[in-house]
Amino acid sequence: MKLKIPKIPKIEMFGIDIIKNMLFFTLFVVVFLILLGILVAPSIKMFKLQKREYYITKRQADKIETHLEDKTYEYQKLYKENRKVIFALKREFDKDNFKMFTKKYMDILSIKDKNISVYNKNFIKKTYIVSAKLNTPTDFYQFVDMSKNYKNILKIYFPIVFKAKNGDIKLIYKLEHFKVK
């Protein structure tokens, strides 16, 4: 038995066989799509994987960079705070300067040295007894709040004695000054 191949009708326009050109065009499109699937599709798949990996890495890098910026900000803030504390620990206690600082809150009558001791092996603690005169107890509490801003590290310590005398309040308290050894 012989296979019969159907004859393709010949349609010509201006001497060009349209059916044959359509078959060649269809063959070209099919070959092009097959080559596209074989050559380009894996590249697109690889590109998508690389793009995904890039965005994961970029997100992690952004997260780390944000964390680094936060830590840098905290470090700068701690550096400023600690710098102030370190300088305060290196300073000597100046009685005249302390009197000027407290002038707004009370009149210092006397500052007497009590003792000097070593605190935590690295610090020297000097204790003073301060006698002062003030108008209201509120002035003393304002002074306690503002003493945090003083240039030395001070601790206002018990006993704190308030005595009314001639319309004023006489105040006696213990003041501790800390300094690096």
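One numbering rule holds for all chains: residues counted from 1, following each sequence as written. pLDDT decides what is reported in this predicted model: residues at 70 or higher carry local features, side-chain atom pairs at 80 or more are listed and counted, and totals for whole chains, interfaces and linings draw on all residues regardless. No hydrogens and no water enter the side-chain calculation; it runs on all heavy atoms of the structure.

1. Things to note about the pattern of salt bridges
Just to be clear on terms, a salt bridge is a Lys or Arg side-chain nitrogen sitting within 4 Å of an Asp or Glu carboxyl oxygen. Tallying each qualifying case throughout the model produces six salt bridges. For K179, the salt bridge is made with E92, and the minimal N-O distance between the two is 2.2 Å. Placement of the pair is K179 in strand β6 (residues 168-180) and E92 in the loop between α1 (18-90) and α2 (95-102), with a sequence separation of 87 residues. Between E176 and K125 there is a salt bridge, and its shortest N-O distance comes to 3.8 Å. Of this pair, E176 sits in strand β6 while K125 sits in strand β4 (residues 123-134), placing them 51 residues apart in sequence. Per residue, the accessibility class of E176 equals that of K125, and both read buried. Members of the salt-bridge network, linked through shared partners, are E92, K126 and K179. Strands here are runs of E lasting at least two residues and helices are runs of H or I lasting at least four, both read from the DSSP assignment and numbered beginning at the N terminus. Burial classes: relative accessible area under 20% of the type maximum marks a residue as buried, over 50% as exposed, and values in between as partly exposed (1.4 Å probe, protein chains only).

2. With respect to the sheet that holds strand β5 (residues 153-165)
Should DSSP find at least two bridges between two strands, the strands are regarded as paired. Within the open sheet, the four strands sit side by side as β3-β4-β6-β5. Their pairing is antiparallel. Whereas interior strands pair on both sides, the edge strands pair on one side only; in this sheet they are β3 (107-119) and β5. Shown here is a sheet whose adjacent strand axes are inclined to one another by a mean of 15 degrees, direction ignored. α2 contacts β3, β4, β5 and β6 of the sheet and is inclined by roughly 130 degrees relative to β3. Structural elements are reduced to axes, namely lines fitted to C-alpha atoms, with helices fitted over the stretch in contact, and the angle between N-to-C directions of any two is expressed from 0 to 180 degrees. In what follows, residue pairs with any heavy atoms lying within 4.5 Å of each other are defined as contacts.

3. Quick look at the domain arrangement of the chain
What counts as a domain boundary in this text is fixed by an automatic or database domain assignment. The domains assigned to the chain are domain 1 (18-80) and domain 2 (92-180). Relative placement of domain 1 and domain 2: their C-alpha centres are 69 Å apart.

4. Quick notes on the nonpolar core
Ranked by internal contacts, the top residues of the largest apolar core, which has 18 residues, are F98, M106, I108, Y173 and L175. Sequence-distant contacts of L175, defined by excluding residues within four places in its chain, comprise F93, F98, K126, T127, Y128, V130, L154, K155 and I156. Residues belong to a common nonpolar core when they are buried Ala, Val, Leu, Ile, Met, Phe, Trp, Tyr or Cys residues joined through side-chain atoms within 4.5 Å.

5. Here's the deal with the pairing of β5
As paired elements, β5 and β6 share ten bridges and run antiparallel to each other. Within β6, the residue paired with A164 across the bridge is I169. Hairpin remark: β5 followed by β6, antiparallel, with two residues in the connecting loop; positive phi at N166, about 55 degrees.

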